[in-house]
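Chain by chain, the residues run as shown.
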Amino acid sequence: MFFVPILGEADKFKVVATLPVARGYSAWGSTDMGLLVYDCNHNGLNEVITSYYDTTAGIFVVDFFEHQGNNQYQRVFTLLGDVGGAPDVGDIDEDGLTDLVVIYLTKDKTVWVYESPAPDSFPSLRVWGSDPIYSGGTDFCIAPDLDQDGKKEIAVSAGRWDVYECQGDNIYNLVFRTEEPKKPYKQIIEDFDLDGKTEIATGAGPEMCVWENTQIGIDSFAMVAVDSFFIPGRLGAVGKNMDKDEKPEFILGGFTLIPLLFTFRIFEAVGNNSYAQVCSLSFLEGSGPGIPVPFGGSVATGDVNGDSIPEVVFSAMGSMYVYKAFGNDNYVQIWEYHHPWITYSKVKVYDLNKNGYGEIIFSGCASYNRMETVIFEDSAAVGVEELTEQKAKNRKPKLHQNYPNPFSTQTAIRYSLSAISHTTLKIYNIAGQLVKTLVNEPQEPGYYAVRWNGKNESGNSVASGVYFYRLSAGDFTATKRMIVIR
């Protein structure tokens, strides 16, 4: 795939905010950065969460910057400690309290969970720790119920793959472990082939591997696809139908040291448990005054230009590149940015202003001993604080027909959202009685695929017949019909 930059787009994205420098802590040389967005204290205002390891003081720093409106941010909380590793955040045990997942920096690393003491506070109490995990590179994430048994997991990759499942309030059990030669590093979770089972796409050394939950409701996983990747796949993201072909993509990235070349590749399903690379691009970095640092890149997806279609944003050290799909699997660069001193960077896309344009959050360790976080927004959106009524009407969500239909054991329900909204997806029988709630949470704009295993709230299989599924997102409601055949 050949990539051609669009000329005349230098001012397409403008800096709308720069977060305060992290209190003078040295971030230079850090490879334990994190970048998240979450409403930790449940006040309707999202926090941008930056984290890094202060190599001088030997302390891990997590800063919470709350969006106050009009592109204004205020540091509202800081967590300090002898922990490290880029964190993930969410409500794993669904008790209404925010959970922050980190790696404890000891000789034998362990996973820790910090929880908020109250719904209107920030995660500061350590409530759980795992068994020691392997040393070396680590990737971990909060998994959205890999086996569809109603319980979220913490998935950890560090020389082996461990899955800890939440069994109750701050209770986690190890339910799966593999020490096979092909061990996942970066974990990208989605039902990529739309077969009703969760896949975990990973970089495993110089290969792309896809693991799949082998049986719904059971914590078992097997490798179902392998492809040569040529470089360690340590960076990744979910695509969420970037080229509008109704297939969720996954992106894997890695690097070589001499020269410092970052390579990203986009994969799509071409059949059940069958995947193909649909594009590839590389960025040569390390020529500026910043000192080259391995692992110094990331990738994120989101709608950055307000057209309801996700773009992909790559960071490689101090550089950032935005690509957009123009047609099936045809990705074109529309913007780039270069910071001369950044040596390690993270990027995230999130609609902080709730105006229909996802901001690009670019956070990095500068080689003059400071942490920098810069927020960019599409020039057309600068000053637009809320989505206008007319534009909202033109950006309606969409509910797709489930597939397969009719079905016997499981089906996938796909939908897209055009704005951040509280979203519910519910199943009803022909009498109008609620059978199962599949989704009930705030969701970002993007493309979603949710599986239903044909069971009700009690875990019992429903009878053959006609059922209806209803999507509600803000003021939008849509209902479609499906058939269960036993």
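Only a predicted model underlies this, so the values are computations on that prediction, with no experimental measurement involved.

This part covers the overall build of the protein chain. The number of helices and strands found in the protein chain is one helix and 35 strands. When the 486 residues of the protein chain are sorted by exposure, 56% land in the buried category. Within the protein chain, contacts between residues separated by at least 24 positions form 52% of all contacts whose residues are at least 6 apart in sequence. For the protein chain, the exposed surface amounts to about 19,000 Å²; the carbon and sulfur share of it is 50%.

What follows covers the pairing of strand β24 (residues 319-325). β24 sits mainly inside the fold: seven of its seven residues count as buried. The alternating pattern of β24 places Ser319, Tyr321, Tyr323 and Ala325 and Met320, Val322 and Lys324 on opposite faces, both of which are buried. Sheet analysis places strand β23 (residues 311-316) next to β24, joined by five bridges and oriented antiparallel. Across the sheet, Ser315 pairs through a bridge with Met320, a residue of β24.

It is worth spelling out the side chain of Ser130 at this point. Structurally, Ser130 is set in the loop between β9 (125-129) and β10 (139-143). Each residue touching Ser130, except ones within four places of it in the same chain, is listed here: Thr110, Val111 and Tyr164.

A separate point is the environment of Val15. As for its position among the elements, Val15 is in strand β1 (residues 13-18). Between the C-alpha atoms of Val15 and Glu377, which are 362 residues apart in sequence, the distance is 6.6 Å. If sequence neighbours within four positions are ignored, Val15 has contacts with Val374, Ile375 and Phe376.

Time to look at the sheet that holds strand β22 (residues 297-302). Across the sheet, which stays open at both edges, the four strands sit in the order β22-β23-β24-β25 with antiparallel pairing between neighbours. Here the strands that pair on one side only, and so sit at the sheet edges, are β22 and β25 (331-338). Averaged over all pairs of adjacent strands, the angle between strand axes in this sheet comes to 20°, irrespective of strand direction.

Mapping Gly168 onto the fold places it in strand β12 (residues 161-168). It is 9.1 Å that separates the C-alpha atoms of Gly168 and Asp95, two residues lying 73 residues apart in sequence.

Moving on to the pattern of salt bridges. Side chains that differ in charge, positive against negative, can pair when their charged atoms come close. Counted by the stated rule, this structure contains six salt bridges. Two residues, Asp63 and Arg75, come together in a salt bridge whose shortest N-O distance is 3.3 Å. In this pair, Asp63 sits in strand β4 (residues 59-69) while Arg75 sits in strand β5 (residues 72-81), placing the two residues twelve residues apart along the sequence. In this structure Asp63 comes out as buried when scored by relative accessible area, which is 1%. Residues joined by salt bridges that share partners form a network here, namely Asp307, Glu311 and Lys324.

A cis amide bond, omega -5°, links Tyr403 with the succeeding residue Pro404. Considering the arrangement of structural elements, one finds Pro404 in the loop between β29 (398-399) and β30 (411-417). Here the residue pair Asn405 and Pro406 is connected by a cis peptide bond, since its omega of 0° sits within 30 degrees of zero. Considering the arrangement of structural elements, one finds Pro406 in the loop between β29 and β30. One non-glycine residue, Gln148, lies in the positive phi region at around 60°. On the secondary structure map, Gln148 appears in the loop between β10 and β11 (153-157). A relative accessible area of 14% means that Gln148 is categorised as buried.

Moving on, we come to the confidence of the model for the protein chain. Of all residues in the protein chain, 81% have pLDDT values of 70 or greater, and the mean over the chain is 80. Averaged pLDDT values for the elements of the protein chain fall to 46 in helix α1 (residues 389-394) and rise to 95 in strand β34 (residues 465-473). Confidence over residues 23-31 falls short of pLDDT 50; this stretch has 35 contacts with residues more than four positions distant or in other chains. Every residue in residues 287-294 scores below 50 in pLDDT, and together they form 21 contacts with partners more than four places removed in sequence or on other chains.

The full count for this structure, using the stated rule, is 23 aromatic pairs. Judged by centre distance (5.4 Å) and plane angle (65°), the ring pair of Trp161 and Phe221 falls under edge-to-face. In this pair, Trp161 sits in strand β12 while Phe221 sits in strand β17 (residues 221-228), placing the two residues 60 residues apart along the sequence. Residues Trp161 and Phe221 agree in their burial class; the two are buried. With 5.8 Å between their ring centres and 70° between their planes, Phe407 and Trp452 make a pair best called edge-to-face.

What counts as what
As a convention, each chain's residues are numbered from 1 in the sequence order in which they are written. Note on the predicted model: pLDDT of at least 70 is required for a residue's local features to be given, and 80 or more for side-chain atom pairs to be given and counted; whole-chain, interface and lining totals, by contrast, use all residues. Here the side-chain values reflect all heavy atoms present in the structure, with hydrogen atoms and water set aside. Where helices and strands are cited, they refer to DSSP runs of H or I of at least four residues and of E of at least two residues respectively, numbered from the N terminus. Only protein chains enter the accessibility calculation, which uses a 1.4 Å probe; a residue is then buried when its area is under 20% of its type maximum, exposed when over 50%, and partly exposed in between. Here, two residues are considered to be in contact whenever any of their heavy atoms come within 4.5 Å of each other. Surface accessibility in these figures is a Shrake-Rupley result with a 1.4 Å probe; residues are shielded only by whichever protein chains are displayed. What makes two strands pair is DSSP finding at least two bridges between them. For helices, the fitted axis covers only the stretch in contact; all axes are lines through C-alpha atoms, and the angles between them, taken along N-to-C directions, range from 0 to 180 degrees. Every case where a carboxyl oxygen of Asp or Glu lies within 4 Å of a side-chain nitrogen of Lys or Arg is listed as a salt bridge. As a per-residue quantity, pLDDT reports the predictor's confidence and falls between 0 and 100. The aromatic pairing rule takes the rings of Phe, Tyr and Trp, using the six-membered ring of Trp, and pairs them if the centres are within 6.5 Å, calling planes under 30 degrees apart stacked, those over 60 edge-to-face and the rest tilted.

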